[in-house]
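# Descriptive analysis of the structure
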Amino acid sequence: MGSLARALETFFTTRGLAMATDQAERLAAGRRRRRILAVPDPLRPSVEAFADFMIRSRERSRRAGTLPRTDATIEAALAIVRDLALFLAGERGKRDWALTDVHDLEAFLASSPKARKRRLVVLGQFFRFARSQKFVLVDPAHGLTARGPSGFTGATLTLDQQRVLFRRWTTDPAVHPHEALLGMLALLHGASSREVKMLQAVDLDFRARTARLGDRPHPVPFDPASWAAVERCLAHREAQRTDNPHVMVTRQTKSGRGPASTAYVSHVLDA
């Protein structure tokens, strides 16, 4: 679907003049299928069954009103299982899930230490499912732990570097409003990129100068510098003459109602 079709869909559906298409569902199904087809033939039926199980679980969660898996979560899980299948077939010479042991999983996890925790969660889910379906007799992931600190382990900036960035985002008019917004909210309020890109105008309290960020239980009070960054973003949004409710609106999203893409937000601070 092209940008014009997406804009027309948004226009008609928001006004109750048409039903939404199944474009997103068909694209997600295609992405899942590509991941499954990349699995070696002997290991593929179990992965297909696991994918169907996750889809059925999501439908049950929707009916029950609990938090269902998103398409991205399911696709990421399938990608991890696919990578394990390729590792077992290519590096360990095993083409049957029943032959997988704890040493295979440890070798696979060691190939990407930073992804150990996320991979281990998915492998635990997959092998519990496989054992329930009698694809394996023993769960090789049982007993494995995600060793390492659970908090933030990335690089941090020195105070002098933070001061330089603070001055850039508060005094340089050439800085893009999106860069200043994401930078200030991350620097002073610990906001994640997802919290910033999902921020909508209705989340702002203009009298109290607070905002609801993500799933935080209470509104976050903004200091004058952070609020100035918000106002710059709102002015930029107003200049685009858009109905998009988000504070951060790009050229690609101004004709719709969705948030800025993850790829866009990940490059906002490149400068």
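Shown above is the structure to which this text applies.
Read on for an overview of the structure. (Residues numbered from 1 in each chain as written. Predicted model: local features only at pLDDT ≥ 70, side-chain atom pairs only at ≥ 80, totals over all residues. Heavy atoms only, no water.)

## Quick look at the pattern of salt bridges
Quick note on the threshold: Salt bridges are defined by distance alone: a side-chain nitrogen of Lys or Arg within 4 Å of a carboxyl oxygen of Asp or Glu. By the criteria applied, helices consist of DSSP H or I runs no shorter than four residues and strands consist of E runs no shorter than two, each listed in order from the N terminus. Type-normalised accessible area, obtained with a 1.4 Å probe on protein chains alone, sets the label of each residue: buried when under 20%, exposed when over 50%, and partly exposed for intermediate values.
If you walk through the whole model with that rule in mind, you get 15 salt bridges. Of the charged contacts, one joins Arg-26 and Asp-22 as a salt bridge, the two residues approaching to 3.1 Å between their closest N and O atoms. In this structure, the salt-bridge partner of Arg-58 is Asp-71, at a minimum N-O distance of 2.5 Å. With Arg-58 in helix α3 (residues 44-64) and Asp-71 in helix α4 (residues 71-90), this pair connects stretches of sequence that are 13 residues apart. Taking the relative accessible area as the measure of exposure, Asp-71 reaches 23% and is therefore partly exposed. The network of salt bridges with shared partners includes Arg-92, Lys-94, Asp-101 and Asp-104.

## Here's the deal with α3
How we decide: Residue count minus one, scaled by 1.5 Å, sets the expected span of a helix.
Between the first and last C-alpha of α3 there are 30 Å, a value that for 21 residues agrees with the 30 Å anticipated at 1.5 Å per step. Phi for Gly-65, located one or two positions after α3, is positive at around 80°.

## Focus on the nonpolar core
Side chains of nonpolar character tend, in soluble globular proteins, to be buried together. In plain terms, the rule: We define the nonpolar core as a collection of buried residues of types Ala, Val, Leu, Ile, Met, Phe, Trp, Tyr and Cys that are connected through side-chain atoms lying within 4.5 Å of one another.
In terms of nonpolar packing, the biggest core is built from 30 residues, with Leu-78, Leu-84, Trp-97, Leu-123 and Phe-127 touching the most fellow members. Counting residues per element, the ones that place at least two in this core are α3, α4, α5 (102-110) and α6 (116-132). For this core, the leading source of residues is α4, giving nine residues. Membership of the second largest hydrophobic core comes to 20 residues, among which are Ala-211, Leu-213, Val-220 and Ala-260.

## Focus on the side chain of His-178
Quick note on the threshold: The contact criterion used is simple: two residues touch if any of their non-hydrogen atoms lie within 4.5 Å.
As for its position among the elements, His-178 is in helix α8 (residues 177-189). Taking relative accessible area as the criterion, His-178 reaches 1% and is therefore assigned buried. Ignoring any residue separated from it by four or fewer positions in sequence, one finds His-178 in contact with Cys-233, His-236, Met-248, Val-249, Thr-250, Tyr-264 and Val-268.

## Digging into the layout of surface pockets
Space left empty within the atom packing is revealed by a probe, the size of a water molecule, rolled over the atoms. Defined as follows: Site definitions follow a grid-based scheme: protein atoms alone, a 1 Å grid, a 1.4 Å probe that fits but cannot get out for cavities, and for pockets an open set with protein on both sides within 12 Å along at least five of seven lines, plus lining residues having an atom within 4 Å of a point. Grid points are joined across faces, edges and corners, and a volume is the space filled by probe spheres set on the points. Any residue outside Ala, Val, Leu, Ile, Met, Phe, Trp, Tyr, Cys, Pro, Asp, Glu, Lys and Arg is labelled polar, Gly included; the first ten of those are nonpolar and the last four are charged.
By volume, the largest pocket is sized at about 680 Å³. The wall of the largest pocket is formed by 28 residues, among which Arg-6, Gln-252, Thr-253, Gly-258 and Pro-259 lie closest to the centre. Residue assignment for the lining of the largest pocket shows that the elements contributing at least two residues are α1 (3-14) and α2 (23-37). Here the lining of the largest pocket takes six residues from α2, the largest share from any one element. Tallied by class, residues from the lining of the largest pocket come to nine nonpolar, 11 polar and eight charged.

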